[in-house]
Amino acid sequence: MKVLGLETSCDETGLAIFDSEQINSDNQGLVGQVLYSQIELHALYGGVVPELASRDHIRKLVPLLNELLEQCDMKKSEIDAIAYTKGPGLIGALMTGALFGRSLAYGLDIPAIGIHHMEGHLLAPLMGANPPAFPFVSLLVSGGHTLLIAAHGVGQYEILGESIDDAAGECFDKAAKMLGLPYPGGPNIAKLAETGNPDAYALPRPMLHRGLDFSFSGMKTAVHNLIKDTEGSDSDPQVRADIAASFQHAVVDTLVKKCVKALKQAGMSRLVIAGGVSANTHLRETLEAELDKINATVHYAPPALCTDNGAMIAYAGFERLQAGQSDDLAVSCIPRWPM
Ligand code: KG4
Ligand code: ZN
């Protein structure tokens, strides 16, 4: 089955084709993908402007589909089903992809299915020939969410913990802004941290010993105070690198400790990490080392499938369609949609 996936929940227009018959080949079923980022468009305003995001998705969707089909050497008529992001996200942006996907499926007389964006992230590391088996604990860390989930099967998700305020990615973005680094902050902080000392400054690990929930809003204040305390010296590249490394270390340490706790509480031995922050190398390496100590394993997608993309929506769509689900002709988007 060849599924076209469409992702338009925020500022990336992502399209991809997943072919279940090619799951054992080198491409792991991912026949092709195109991704257009609106980052430059929104950079002028210091954040995503919803109206501009919707207009830009509309402008790009049809040309990107043509580019994708050309890349895959496929005709529209060869697509078997269409999956689009139904929520959560910016309502206007979601509607562009949903309406485009639903209408194209109607025209081609094939099924269409709306996908929860975070389920797309959650299932992305399962694409390929040897996916980690259910059940597993999933750490979903993106710009809008920080969730610990016990995943018992496709669609069977039990929330173990979540952030009571800022998401981990949001925290990276805010700390980056304070350090004068551009959006998205995560990769830029990670880069700056490469030359820094993670133990240079002691930053808080909020709610470390309180269940499986997270709180990251206090980190903002801590970084702000640290920058103020080192004022004058913060223009010193080493001080900036040390702040970035200490900050990254504090966030990663908190995430890792909660993951270990969640695995123990759920009685599981597999951890799957997903969402933009799961592309972070320090997080991956620390998890590998710590989970090894408790005979558990960590699984993740290649970096390009960690941040927003069409492939994860295509794959989640395939899984849902396999389970016998599809959406009717009425298009509905859900901007705020709990997992
Ligand atoms: O999943 P995603 O692409 O979009 C949302 O659904 O939110 O996640 C974006 C978030 C941003 O906050 C970005 O700063 C963060 O993921 N991110 C990273 C890295 N790459 C992206 N955070 C830390 N380290 C990275 N390498
Ligand atoms: Zn996302």
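Predicted model, so just to flag it, every value in this text is computed and none were measured.

1. Some details on a negative patch on the surface
Here is step 1 of the chain: A cluster of acidic residues, Glu21, Asp73, Glu78 and Asp80, forms a negative patch on the protein surface.
Here is step 2 of the chain: Within the fold, Asp73 resides in the loop between α2 (50-72) and β4 (81-87).

2. Considerations on the pairing of strand β8 (residues 156-162)
Here is step 1 of the chain: Sheet topology note: the strand β7 (residues 146-153)/β8 ladder contains six bridges and is antiparallel. Counterpart to Leu147 in the pairing with β8 is Glu162.
Here is step 2 of the chain: Counted between consecutive antiparallel strands, the loop separating β7 from β8 contains two residues, among which Gly155 sits at a positive phi close to 85°.

3. Remarks on the pattern of salt bridges
Here is step 1 of the chain: Counted according to the given criterion, the structure contains 10 salt bridges.
Here is step 2 of the chain: Put simply, Arg320 and Glu119 hold a salt bridge, and the shortest N to O gap is 2.9 Å. One end of the pair, Arg320, is in helix α10 (residues 310-322); the other, Glu119, is in helix α4 (residues 117-123), with 201 residues separating them in the sequence.
Here is step 3 of the chain: For Lys174, the salt bridge goes to Glu170, with nearest N and O atoms at 3.2 Å. Placement of both Lys174 and Glu170 in helix α5 (residues 168-178) is noted, with a separation of four residues, approximately one turn of the helix.
Here is step 4 of the chain: A relative accessible area of 25% means that Glu170 is categorised as partly exposed.
Here is step 5 of the chain: Salt bridges here are not isolated pairs; linked through shared partners, they connect Asp166, Glu170, Lys174 and Lys220.

4. Brief notes about the environment of Arg320
Here is step 1 of the chain: By relative accessible area, which is 18% here, Arg320 ends up buried.
Here is step 2 of the chain: When the C-alpha atoms of Arg320 and Ile113 are compared, they prove to be 8.0 Å apart, with 207 residues separating the residues in sequence.
Here is step 3 of the chain: For Arg320, the contacting residues outside a window of four places in its chain are Ile113, Ile115, Glu119, Val154, Gly155, Tyr157 and Gln325.
Here is step 4 of the chain: Here Gln325 takes part through its side chain, which lies 3.0 Å from a polar atom of the side chain of Arg320.

5. A few points about the sheet that holds strand β2 (residues 12-19)
Here is step 1 of the chain: Ordered in space as β3-β2-β1-β4-β5, the five strands form an open sheet in which the pairing is mixed. Lying at the two open borders of the sheet, with one neighbouring strand each, are β3 (30-37) and β5 (112-116). Neighbouring strand axes in the sheet, compared pairwise and without regard to direction, differ in orientation by 20° on average.
Here is step 2 of the chain: Two strands pair when backbone bridges link them, and β4 and β5 are joined in this way by five bridges, in the parallel orientation. Along β5, the bridge assignment pairs Thr85 with Ile115.
Here is step 3 of the chain: Helix α3 (residues 91-108) rests against β1 (2-7), β4 and β5 of the sheet, and its axis sits at about 155° to β4.
Here is step 4 of the chain: Those strands touched by α10 are β1, β2, β3, β4 and β5, and its axis lies near 130° from that of β1.

6. Some remarks on the site of ligand 1
Here is step 1 of the chain: In the region of ligand 1, 20 residues are neighbours, and His121, Gly143, Asp173, Gly186 and Asn280 sit closest.
Here is step 2 of the chain: In the environment of ligand 1, an oxygen atom lies 3.1 Å from a nitrogen or oxygen atom belonging to the backbone of Gly169.
Here is step 3 of the chain: Of all the secondary-structure elements, those providing two or more residues to the shell around ligand 1 are α4, α5 and α6 (185-193).

7. Here's the deal with the UniProt feature "binding site: Fe cation" (unreviewed entry) in the protein
Here is step 1 of the chain: Annotation from UniProt places "binding site: Fe cation" (unreviewed entry) at His117, His121 and Asp308. The greatest C-alpha distance among the annotated residues, which extend across 192 residues, is 8.8 Å, indicating that they converge on a single site.
Here is step 2 of the chain: The class of His117 is buried, set by a relative accessible area of 7%.
Here is step 3 of the chain: Residues contacting His117, with those up to four places away along its chain left out, are Glu7, Ser9, Thr85, Gly87, Pro88, Asp308 and Met312.
Here is step 4 of the chain: On the secondary structure map, Asp308 appears in the loop between β10 (297-300) and α10.
Here is step 5 of the chain: For Asp308, a relative accessible area of 17% translates into the label buried.
Here is step 6 of the chain: Residues in contact with Asp308, not counting those within four places in the same chain, are Glu7, Ser9, Glu12, Leu35, His117 and His121.
Here is step 7 of the chain: At a separation of 3.0 Å, a polar atom in the side chain of Asp308 contacts the side chain of His117.

Scoring rules and cut-offs
- Residues numbered from 1 in each chain as written.
- Chains lettered and ligands numbered in written order.
- Predicted model: local features only at pLDDT ≥ 70, side-chain atom pairs only at ≥ 80, totals over all residues.
- Heavy atoms only, no water.
- Patch = residues over 30% accessible without salt bridge, like charges linked within 9 Å, V, L, I, M, F, W, Y side chains within 5 Å.
- Areas by Shrake-Rupley, 256 points an atom, 1.4 Å probe, with all protein chains shown as cover.
- Salt bridge = Lys/Arg side-chain N within 4 Å of Asp/Glu carboxyl O.
- Lys, Arg positive; Asp, Glu negative; His and termini not counted.
- Charge placed at Lys NZ, Arg CZ, Asp CG, Glu CD.
- Helix = DSSP H or I, 4+ residues; strand = E, 2+ residues; numbered from the N terminus.
- Pairing = 2+ DSSP bridges.
- Buried < 20%, exposed > 50% of the residue type's maximum accessible area, 1.4 Å probe, protein only.
- Contact = heavy atoms within 4.5 Å.
- Polar contact = N/O pair within 3.5 Å; in protein donor to acceptor, adjacent residues only side chain to side chain.
- Axes fitted to C-alpha atoms, helices over the stretch in contact; angles between N-to-C directions.
- Near = heavy atom within 4 Å.
- UniProt positions renumbered as here; feature names shortened; annotations may be inferred.

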